[in-house]
Amino acid sequence: MKAKHQMKKSIRISTLLLIAIITIVGTAPSLFAEDAGKADLSGGALVLTFDDAFVSQWLAAADIFKQYDARATFFVSNSDRLSKQQIDSLARLRKEGHTIGCHSLRHRKAVDFAKKHGIKKYLQSEITPAVKALRAAGFSPTAFAYPNSQNNEETDAALLKIFRHLR
C-alpha cells in the first residue's frame, strides 16, 4: 500500500513539474518525430523525453500533453517484456503524435559493457533484440537514448548506423 501511495505521489509531482515546464518554456514538436525536419524551431524549443518503461505514468500525463499541445519522445527499455496493455498505451501515445524510441534491452551502460565485452556484443545483446521487440510490437524506433547517458565515440559510431538520433 505504501508503494502505491508513493507512486501516486510521484505521478502528481511529475505532472506538476511537466505543467510548469510547458507553461514557462513552451514546447515544439518532438525533434525525433518523422517530420522533425519540417518543424519551425526559430523561436526555440523544449525537447521532452522520458526513459525506461513507466508506460502507465506516461499515459497518465497524456491529457496534459494534449492540453498544452506538447509532444514527447518515450525511450523504452525492456521492450521484450512489455505487456499488451503497455504496447496498446504506447500505440495510443504514438497516435497522439508522440515518438517511441529505444533505450536498450536491459538498460546496460553502453561504454562499460563495450569495454568488457566489445561493441559487437553490446549491439547483439542490447540493441538488436530491443529493436526487434519494438518492431514486433508495431514501432519503428529511429532514436536511441543511452542508459545513464553513458556513451563515447565508439558507441556513437556503432549506434548511428542503426538510429538517426542519439541522446
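Since this is a predicted model, take the numbers as computed values, not measurements.

A short note on the packing of aromatic side chains
This structure, assessed with the given rule, holds 7 aromatic pairs. The interplanar angle of 75 degrees and the centroid separation of 5.9 Å between the aromatic rings of Phe 50 and Phe 65 together place this pair among those described as edge-to-face. Of this pair, Phe 50 sits in strand β1 (residues 48-52) while Phe 65 sits in helix α3 (residues 62-67); the two residues are 15 residues apart in sequence, bridging distant segments of the chain. With relative accessibility at 2%, the residue Phe 65 sits in the buried group. Here Phe 144 and Tyr 146 contribute two aromatic rings whose centre-to-centre distance is 5.2 Å and whose plane-to-plane angle is 85 degrees, an arrangement assigned as edge-to-face. For the pair Phe 144 and Tyr 146, a shared accessibility class is recorded, and that class is buried. One aromatic cluster is present, built from ring pairs that chain together Phe 50, Trp 58, Phe 65 and Phe 74.

Section: the nonpolar core
Most often, soluble globular proteins have nonpolar side chains that are buried together. Counting 33 residues, the largest nonpolar core has Leu 90, Tyr 122, Ile 127 and Phe 144 as the members making the most contacts within it. Broken down by secondary-structure element, the contributors of at least two residues to this core are α2 (55-60), α3, β2 (72-76), α4 (84-95), β3 (99-102), α5 (110-117), α6 (119-136) and α7 (153-159). Here the element with the most residues in this core is α6; it accounts for 7 residues. Residues contacting Ile 127, with those up to four places away along its chain left out, are Tyr 122, Phe 144, Leu 159, Ile 162 and Phe 163.

Notes on the environment of Phe 139
Here Phe 139 lies in the loop between α6 and β4 (143-144). Using a relative accessible area of 1% as the deciding quantity, one classes Phe 139 as buried. Spatially, the C-alpha atoms of Phe 139 and Ile 100 are 7.0 Å apart, while their sequence positions differ by 39 residues. In this structure, Phe 139 is in contact with Ile 87, Leu 90, Ala 91, Arg 94, Ile 100 and Leu 134, ignoring residues within four places of it in sequence.

Conventions adopted
- Residues numbered from 1 in each chain as written.
- Predicted model: local features only at pLDDT ≥ 70, side-chain atom pairs only at ≥ 80, totals over all residues.
- Heavy atoms only, no water.
- Phe/Tyr/Trp six-rings, centres within 6.5 Å; stacked < 30°, edge-to-face > 60°.
- Helix = DSSP H or I, 4+ residues; strand = E, 2+ residues; numbered from the N terminus.
- Buried < 20%, exposed > 50% of the residue type's maximum accessible area, 1.4 Å probe, protein only.
- Core = buried A, V, L, I, M, F, W, Y, C linked by side-chain atoms within 4.5 Å.
- Contact = heavy atoms within 4.5 Å.

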